[in-house]
Amino acid sequence: MASPETRERPKIVVLGGINMDVVATVQRMPEPGETVHGDGFFMAGGGKGANQALAVSRLGAETRMVDRVGDDDFGRSLLDSMRTAGVDMSGVALDPANSTGVAVIMVDDEGQNIIAEVYGANRASDESQMEAAKLAMEGADTLMLQLETPPEVSLAVARFARDAGVRVVWDPAPAADMPAEGFVLADFLTPNETEAAELTGIRVTDVSSARLAAEALLARGAGAAIVKMGYEGVFGATRGEQYYVPPMNVDAVDSVAAGDAFGAGLAVALSEGRGLHDALRFGAAAGALAVTKPGAQGAMPYRAEVDELLRQAG
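Because the structure is a prediction, the values reported are computed rather than measured.

A. Examining the sheet that holds strand β2 (residues 19-26) more closely. The sheet built from four strands is open, its strands ordered β3-β2-β6-β7 with mixed pairing. The sheet is open, and its two borders are formed by β3 (38-46) and β7 (113-118), each paired with just one other strand. The mean angle between the axes of side-by-side strands here comes to 15 degrees, regardless of whether they run parallel or antiparallel. Of the strand pairs in this sheet, β2 and strand β6 (residues 101-107) are connected by seven bridges, and their pairing is parallel. Within β6, the position partnered with D21 by the bridge is A103. Strands in contact with helix α2 (residues 73-84) are β2, β3 and β6; relative to β2, the strand with the most contacts, it is inclined by about 95 degrees.

Right, here's the structure in full:
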């Protein structure tokens with residue numbers, strides 16, 4: 001591969017959610033009806049789309065984002081912070097009729113998290129975001145999708161990407177909203193173990209079950225199926241290749257947005273022309289680094305950090 005100094009920057013478009021994350025840290029998760037003492041609290045930018053866009057930018061790609069935020073303090077603050085991070089936000093509209101999305105997150109001492117997300121303006125995306133995404137895809141290598149925007153918007157943009165020869169990396173979250181046509185339009189489908197189980201009915205607990213789930217996703221039309229298993233690693237398959245990448249040895253703080261960092265790393269590596277195995281390792285390194293820092297966007301890794309972790313891993 002070309003060095004970071006000589007490599008042409010890939011161009012990646014992200015259509016997805018932008019939220020304000022409201023995060024509480026707790027020793028353990030509460031049972032239903034129970035109150036537990038919190039250890040800390042902070043607010044930070046989040047949303048799967050925004051997390052991925054920020055990570056893509058930090059990993060060295062030219063990044064364009066498409067979405068909506070509320071015409072409110074949260075929305076304007078998030079736009080400013082993303083622009084400062086080098087993300088082209090010209091495709092993101094201010095929505096006076098809907099509030100900016102909010103995610104309420106609890107993280108326990110083991111680094112695990114639970115999230116309640118109020119999508120707000122993200123779910124108001126419409127034909128104007130379709131057109132903005134089409135404009136943003138001029139000269140692009142990869143389109144990244146989730147399901148924080150309306151599925152019909154994602155489908156229309158994915159169809160355009162397919163016709164334009166732009167690679168589609170689709171993170172099917174929340175999995176319940178994944179349209180059947182989306183499997184066929186996804187060159188790379190990247191569920192975590194919970195989403196893979198919801199999409200296939202196969203409970204993912206190890207490499208063998210991840211393989212079965214990936215094969216089921218391929219049978220539904222995905223070009224490649226990649227099952228993220230958190231601290232158990234990642235499994236990826238096409239109709240001709242299968243790879244397992246074990247977890248990398250890092251000190252975990254929390255797992256918030258680790259999957260988004262993985263997706264960004266995967267998209268950047270693929271856009272640079274790497275093969276599937278190398279792209280999985282690059283994504284796994286990005287995801288591993290994300291768990292070493294608290295929160296979402298602040299935990300997204302930089303290119304030099306990923307390259308160094310891969311060098312250490314050998």
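From this point, the narrative continues.
B. Local environment of the packing of helix α6 (residues 193-200) against helix α7 (residues 207-219). As a packed pair, α6 and α7 sit with axes 10 Å apart at the nearest point and diverge in direction by 50 degrees. Between α6 and α7, the angle falls in the class oblique. Where α6 crosses over α7, the handedness of that crossing is left-handed. From α6, A196, L199 and T200 reach across to α7, where they touch A213, A216 and L217. Across the contact of α6 with α7, the residue classes break down as five nonpolar, one polar and no charged.

C. Looking closely at helix α1 (residues 48-58). For α1, the tally of buried residues reaches 11 of 11 residues, placing the bulk of the element in the interior. Along α1, the residues that are buried comprise K48, G49, A50, N51, Q52, A53, L54, A55, V56, S57 and R58. Just past α1, the residue G60 takes up positive phi, approximately 110 degrees.

D. The arrangement of the packing of helix α9 (residues 276-290) against helix α10 (residues 303-313) in detail. Where α9 contacts α10, the two axes come as close as 9 Å, and the packing angle between them is 110 degrees. Judged by the inter-axis angle, α9 sits roughly perpendicular to α10. For the pair α9 and α10, the sense of crossing is right-handed. Between α9 and α10, the contacting residues are R281, F282, A285, A286, A288 and L289 on the first element and R303, E305, V306, D307, L309, L310 and A313 on the second. Broken down by class, the residue content of the contact of α9 with α10 amounts to nine nonpolar, no polar and four charged.

E. Structural detail: the side chain of K228. With respect to the secondary-structure elements, K228 resides in strand β11 (residues 225-228). Of note is the side chain of K228, whose polar atom sits 3.4 Å from the side chain of D171. In contact with K228, not counting residues within four places along its chain, are D171, T190, P191, N192, E193, G233, V234, G259 and F262.

F. Structural detail: unusual backbone geometry. A cis geometry characterises the amide bond from A173 onward to P174, with omega recorded as 0 degrees. You will see that A257, though not glycine, has its phi angle at about 70 degrees, which is positive. Looking at the element boundaries, A257 is found in the loop between β13 (242-245) and α8 (258-271). Of the residues examined, A257 reaches a relative accessible area of 12% and is grouped as buried.

G. Inspection of the confidence of the model for the protein chain at higher detail. Of the residues in the protein chain, 98% have a pLDDT of 70 or more, and the chain-wide mean is 94. Below pLDDT 50 for its whole length, residues 1-6 participates in four contacts with residues either more than four positions away or in separate chains.

H. Expanded view of a nonpolar patch on the surface. The grouping of F41, M43 and F74 at the surface amounts to a nonpolar patch, some 310 Å² of accessible area in total. Along the chain, the position of F74 falls in helix α2.

I. Examining the pattern of salt bridges more closely. One pass over the full model with this rule turns up 19 salt bridges. The closest approach of N and O atoms between R76 and D71, which form a salt bridge, is 2.6 Å. For D71, a relative accessible area of 41% translates into the label partly exposed. Here D187 makes a salt bridge to R162, at a shortest N to O gap of 3.9 Å. Here the residue D187 occupies a position in the loop between α5 (180-185) and β10 (188-189), and R162 occupies one in helix α4 (residues 151-164), the gap between them amounting to 25 residues. For D187, a relative accessible area of 24% gives the class partly exposed. R162 sits in the partly exposed class, given a relative accessible area of 35%. Connected via shared salt-bridge partners are K48, D171, K228 and D260.

Analysis parameters
Every chain begins its residue count from 1, and numbering advances along the sequence as written. Note on the predicted model: pLDDT of at least 70 is required for a residue's local features to be given, and 80 or more for side-chain atom pairs to be given and counted; whole-chain, interface and lining totals, by contrast, use all residues. Only heavy atoms go into the side-chain values, all of them from the structure, while hydrogens and water stay out. At least two DSSP bridges between two strands are required for those strands to pair. Numbering of helices and strands runs from the N terminus; a helix is a DSSP stretch of H or I covering at least four residues, while a strand is a stretch of E covering at least two. The angle between two axes is taken between their N-to-C directions and runs from 0 to 180 degrees, where each axis is a line fitted to C-alpha atoms and a helix contributes only its stretch in contact. Pairs of residues are marked as contacts when any of their non-hydrogen atoms sit within 4.5 Å. If an angle is under 35 degrees, it is roughly parallel; if it is over 145, roughly antiparallel; if it lies from 65 to 115, roughly perpendicular; otherwise it is oblique. Crossings are classed by handedness, with left-handed meaning an anticlockwise turn of the near helix from the far one by less than a right angle and right-handed meaning a clockwise turn. Residue polarity is assigned by list, with Asp, Glu, Lys and Arg as charged and Ala, Val, Leu, Ile, Met, Phe, Trp, Tyr, Cys and Pro as nonpolar; anything else, Gly included, falls into the polar class. Relative accessible area decides the class of each residue, using a 1.4 Å probe on protein chains only: under 20% of the type maximum gives buried, over 50% gives exposed, and in between gives partly exposed. Throughout this description, a polar contact denotes any pair of N or O atoms lying within 3.5 Å of each other; where both atoms belong to protein, one of them has to be capable of donating a hydrogen while the other can accept it, and for residues adjacent in sequence the pair is counted only when both atoms sit in side chains. Summary of the metric used: pLDDT quantifies the predictor's per-residue confidence within the range 0 to 100. Nonpolar side chains (Val, Leu, Ile, Met, Phe, Trp, Tyr) are joined into patches within 5 Å and like charges within 9 Å, using only residues with over 30% relative accessible area and no salt bridge. Each accessible area is a Shrake-Rupley result for a 1.4 Å probe, and residues are judged covered by the shown protein chains and nothing else. We define a salt bridge as a side-chain nitrogen of Lys or Arg found within 4 Å of a carboxyl oxygen belonging to Asp or Glu.

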